[in-house]
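# Geometric and topological summary
Now for the letters of each chain:
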Amino acid sequence: MKRAIAVFAFIVLSMIMLLPAVLNTNTVSAQSSGYIIQSVDHQVEIMFSGHIVVRDTMKVSGDLSKGFLIGMPGKYGLSVLKAVAYDDTHVYPMDLGVQLGSQSGFYAAQVNFEGATPQAFTVVFVLSNSLIGQDFGFFQLDYPAYPSFTTSAGPCSVTVNPPSQVSTITISKSDGEVNSTSYSKNNLPAFTNIPAVAAFAAPVEILQSFDIGSLNRKLTIDAA
């Protein structure tokens, strides 16, 4: 009897010791960021040229002195042409192509607020027109279903904006299919890595795919 009790106690103790390792293997934990992401507005706009503008507006609270990391599934990294971060009064510098915390499989950018502490700001990524094509009369857009962060976020609302009104759209993603240009997620987990494909019908001529090799802009300001 005493031997059986000893064996049972040894098994229980072994399971307790192994539990942390098992949990670390099967979960991706959020990293301490010093800030809280209260809500996210994820806008995906399709330009007439076929380029994609991904616009994320975050409401945050807390310490942003160490910067802010935002990303997307790594497959979209080669399609990033430009990125900018701004709020109502400032444009903030960004470092592109950085790692999203300690996790692989992402393309990320870090925003440097240079001592500012905005409570709301926007990050815009411009993606190439290689992410949209045609199949059986439908346009198909491959895009990041949600932004990716190193910490969990509050409600995330998503809107996909085609270049014209569409009567039919189907958005396929791993957490559920929707038949609308908008959807939401009540709580966005840290390190969310979900691509999506939006299939919609639109006039063929509505998208004129072209690439801009260079752009020169001149601004003239007089005394008046």
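The preceding data block contains the structure.
Residues numbered from 1 in each chain as written. Predicted model: local features only at pLDDT ≥ 70, side-chain atom pairs only at ≥ 80, totals over all residues. Heavy atoms only, no water.

Glancing now at the pairing of strand β4 (residues 80-86). By the bridge criterion, six bridges tie β4 to strand β8 (residues 120-127) in an arrangement that is antiparallel. Counted as the bridge partner of Ala85 is Val123 from β8. Note: β4 against strand β5 (residues 91-92), two bridges, orientation antiparallel. Across the sheet, the residue bridging to Tyr86 is Val91, located in β5. (Pairing = 2+ DSSP bridges. Helix = DSSP H or I, 4+ residues; strand = E, 2+ residues; numbered from the N terminus.)

This part takes up the sheet that holds strand β10 (residues 138-144). Spatially, β9-β10-β14-β12 is the arrangement adopted by the four strands of the open sheet, whose pairing is antiparallel. Since the sheet does not close on itself, it has two edges, and those belong to β9 (132-135) and β12 (169-173), each with one partner. The average undirected angle you get between the axes of adjacent strands in this sheet is 25°. In terms of strand pairing, β10 meets strand β14 (residues 195-200) through six bridges, oriented antiparallel. Considered in β14, the bridge of Leu141 is made with Ala198. (Axes fitted to C-alpha atoms, helices over the stretch in contact; angles between N-to-C directions.)

Attention shifts here to empty space enclosed by the protein. Counted under the stated rule, the structure contains one cavity of 30 Å³ or more. Space inside the largest cavity adds up to approximately 40 Å³. Lining the largest cavity are His42, Val54, Asp56, Ile70, Gly71, Met72, Phe125, Pro144, Tyr146 and Pro147. Those elements that place two or more of their residues in the lining of the largest cavity are β2 (52-62) and β3 (68-73). Sort the elements by how many residues they give to the lining of the largest cavity and β3 lands first, with three residues. For the lining of the largest cavity, a count of residues per class yields seven nonpolar, two polar and one charged. (1 Å grid on protein atoms, 1.4 Å probe; cavity = no way out; pocket = protein on both sides within 12 Å on 5 of 7 lines; lining within 4 Å. Points joined across faces, edges and corners; volume = space filled by probe spheres on them. Nonpolar A, V, L, I, M, F, W, Y, C, P; charged D, E, K, R; others polar.)

Positive phi, close to 50°, is recorded for Glu114, a residue that is not glycine. Among the structural elements, Glu114 can be located in the loop between β7 (103-111) and β8. Residue Glu114 is classed as exposed on the basis of its relative accessible area, which comes to 58%. Unusually for a residue other than glycine, Phe191 sits at a positive phi of about 60°. (Buried < 20%, exposed > 50% of the residue type's maximum accessible area, 1.4 Å probe, protein only.)

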